[in-house]
Amino acid sequence: MDLYGFIMDDIKKILLRQPQILGYTVENNLKAHVAFLASIGIPDSRVGQIIAAAPSLLSYNVEHSLKPMVRYLIEEVGIKGTDISKVVQLSPQILVQRIDNSWTTRYGFLSKELGASRESIAKMVAKHPQLLHYSIEDGILPRINFLRSIGMRNSEILKVLTSLTQMWIPSSESSKA
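Residues numbered from 1 in each chain as written. Predicted model: local features only at pLDDT ≥ 70, side-chain atom pairs only at ≥ 80, totals over all residues. Heavy atoms only, no water.

For the record of the protein chain, the UniProt heading Sequence similarities (unreviewed entry) holds the text "Belongs to the mTERF family." (UniProt positions renumbered as here; feature names shortened; annotations may be inferred.)

J.: What's the story with the pattern of salt bridges in this structure? I'm lost.
T.: Any two side chains of opposite charge can pair if their charged atoms end up close together. For the structure on display, the rule yields five salt bridges. In this structure, the salt-bridge partner of K67 is E63, at a minimum N-O distance of 2.8 Å. Within this pair, K67 and its partner E63 are both found in helix α4 (residues 62–77), separated by four residues, close to a single helical turn. Judged by relative accessible area, which is 47%, E63 ranks as partly exposed. A salt bridge links D100 to R98; the shortest N-O distance between them is 2.5 Å. Using a relative accessible area of 25% as the deciding quantity, one classes D100 as partly exposed. Take R98: its relative accessible area is 65%, and that puts it in the exposed class. (Salt bridge = Lys/Arg side-chain N within 4 Å of Asp/Glu carboxyl O. Helix = DSSP H or I, 4+ residues; strand = E, 2+ residues; numbered from the N terminus. Buried < 20%, exposed > 50% of the residue type's maximum accessible area, 1.4 Å probe, protein only.)

J.: Is there a simple way to think about helix α8 (residues 136–149) in this case?
T.: Side chains of residues three or four places apart in an α-helix project in the same direction, reflecting 3.6 residues per turn. Along α8, the sharpest change in direction is near 30° and occurs at P142. Burial in α8 covers these residues: I136, G139, I140, R143, I144 and L147. The positive-phi residue at the C-terminal boundary of α8 is G151, with phi of around 95°. (Bend = angle between axes of the 7 residues up to and from the residue.)

J.: Is there a simple way to think about the packing of aromatic side chains in this case?
T.: Two descriptors summarise a pair of aromatic rings, namely the distance from one centre to the other and the angle between the planes of the rings. Per the counting criterion, the structure on display carries one aromatic pair. Measuring from centroid to centroid gives 5.4 Å for W103 and Y107, while their planes differ by 25°, and the two rings are stacked. Highlighted residues: W103 and Y107, both in helix α6 (residues 100–114), separated by four residues, approximately one helical turn. The class for Y107 is partly exposed, based on a relative accessible area of 29%. (Phe/Tyr/Trp six-rings, centres within 6.5 Å; stacked < 30°, edge-to-face > 60°.)

J.: Looking at this model, I keep getting lost on the environment of K12. Mind explaining?
T.: For K12, the location among the structural elements is in helix α1 (residues 8–17). Sequence separation between K12 and A52 is 40 residues, and the spatial gap between their C-alpha atoms is 9.0 Å.

What follows is the structure, encoded as structure tokens:
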């Protein structure tokens, strides 16, 4: 089966993580969520991967939870509407996790630590939404301190952190690459 990018392995993973999905109806649940994902620019071929990565997405109400999250990402975080699809594809969990506290904390930290503007931090999150999940003390600050230790100024650090994807790969993953 390859409907909306679902393959049998995806369906198995989804059901193991969210067995209550068996109680959902295609008409009332799956169609609404697929339509929502399409409305934010997710291609049909990626829907299965998005749901497999964040199966709890199907338990969230589209109108009361998912659409407000997208509005929050656009209006509060500052992600461009045209970038939402890319952000969700990079980090599907962003739709189902409370990010208001993590956004406020990381925004405050990066603006204070590097003098970064809201726009710069929004670009960083758009390219690397995982940033909202990283620990400041164990993930973000050590990278900043390393870049400072080699003589980089805040503006240079900000440029590196915004443009270099590998900077945000957690240490345990980067050693595998």
